[in-house]
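# Observations on chain architecture
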Amino acid sequence: MNRQAEKDTLKIKLEEVINKIDKLPIDKVYSRLFQLGLASNIETDITIESFEDIKKKAIKEIQQRKEGLIKGGLKTSWFKLNSILGGGISKERTIVIGARPSVGKTAFVDNLLDDIEECNKDTEIVILSWNYEMSNVQRFSRLASRHLEVTVNELMSSDKPLSPELFEKFINTTKNKLKKRNRYFIDVPRKVTEMERLALDFHNKFPNAHLIMDIDHTLLSRKKGTESNEELVQETSKMCLRLKKSIRNTNIILSQLSRSVESPERARDFYDPRVS
């Protein structure tokens, strides 16, 4: 066998190994790497803090917040929402928004993210949107329609052609209000491991930014082999936990609830006092 043939054979074997790794939970991959002695660069020490150490940290942070040296989080224009979130959208947080299909989850998150960018122009913000339910152009069109105060159907000429005046207003809006935003969209479903890898790459590219990652929605990510919906949600949850601890980002997860919760059978079984 010549040298090129050997390289081709090794390449095929390497691809087979990578495919097998992609099908394993990330914690099992790390465990095996540790066993083989190939994970020396991965932090293994367990950090234990005493009550007194944590108390000192808490006093210092509370004092810095009082003096305005630390912000409570990214503000929105909704005072009550800021209050509920403890001052705004903070780092090291995962926010889950669950609702039935077609009630406006995506529209709410788009308004929220747009609002965050508008209200925190003094902060470097990078948004990574895993956009699985609609195309990237559709999602941008919804954002533009909000600024234009017209419906998406009007903007997309669904019933009648967009007027020249409104089209010119649209162009001006994209040049002024919607210019130079650090927001990135992916509308092709990827595996959870690939999503985590890209989030880490973005953190390395924008190390000083407040990174926000939104996923629309959890069950539309690409599955590994015979992975169930429950396993996919668990892997997504674990990924968000690792990311918020390692790179201190914010995760906003959309979760679609089943309409079956409203079925007469469920209502009777769960809420009828005669049954309980």
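Look up: the structure comes first, before these words.
Residues numbered from 1 in each chain as written. Predicted model: local features only at pLDDT ≥ 70, side-chain atom pairs only at ≥ 80, totals over all residues. Heavy atoms only, no water.

### Considerations on unusual backbone geometry
In most cases, non-glycine residues show a negative phi, while peptide bonds are predominantly trans. Of note, the amide linkage connecting Asp216 to His217 takes the cis form, showing an omega dihedral of -5 degrees. Take His217: it is sitting in the loop between strand E4 (210-216) and helix H10 (229-246). Of note in this structure, Glu92 is not a glycine but carries a positive phi near 55 degrees. By the element assignment, Glu92 lies in the loop between helix H4 (79-84) and strand E1 (93-99). Given the relative accessible area of 33%, Glu92 is considered partly exposed. A positive phi is found at Arg248, a non-glycine position, where the angle reads about 55 degrees. Looking at the element boundaries, Arg248 is found in the loop between H10 and strand E5 (250-256). (Helix = DSSP H or I, 4+ residues; strand = E, 2+ residues; numbered from the N terminus. Buried < 20%, exposed > 50% of the residue type's maximum accessible area, 1.4 Å probe, protein only.)

### Remarks on the packing of helix H6 (residues 136-148) against helix H8 (residues 164-176)
Running from N to C, H6 and H8 point in directions that differ by 105 degrees, and their axes come no closer than 10 Å. Classified by the angle their axes make, H6 and H8 are roughly perpendicular. Along the contact surface, H6 presents Phe140, Ala144, His147 and Leu148, while H8 presents Lys169, Phe170, Thr173 and Thr174. In terms of residue class, the contact of H6 with H8 is made up of four nonpolar, three polar and one charged. (Axes fitted to C-alpha atoms, helices over the stretch in contact; angles between N-to-C directions. Parallel < 35°, antiparallel > 145°, perpendicular 65-115°, else oblique. Contact = heavy atoms within 4.5 Å. Nonpolar A, V, L, I, M, F, W, Y, C, P; charged D, E, K, R; others polar.)

### Notes on the packing of aromatic side chains
Enumeration over the complete set of coordinates arrives at six aromatic pairs. Here the aromatic rings of Phe167 and Phe170 are separated by 6.2 Å at their centres, their planes lie at 40 degrees, and the arrangement is tilted. Taken together, the residues span about one helical turn, with Phe167 and Phe170 both in helix H8 at a distance of three residues. Put simply, the rings of Tyr184, Phe202 and Phe206 touch in pairs and so form one group of aromatic residues. (Phe/Tyr/Trp six-rings, centres within 6.5 Å; stacked < 30°, edge-to-face > 60°.)

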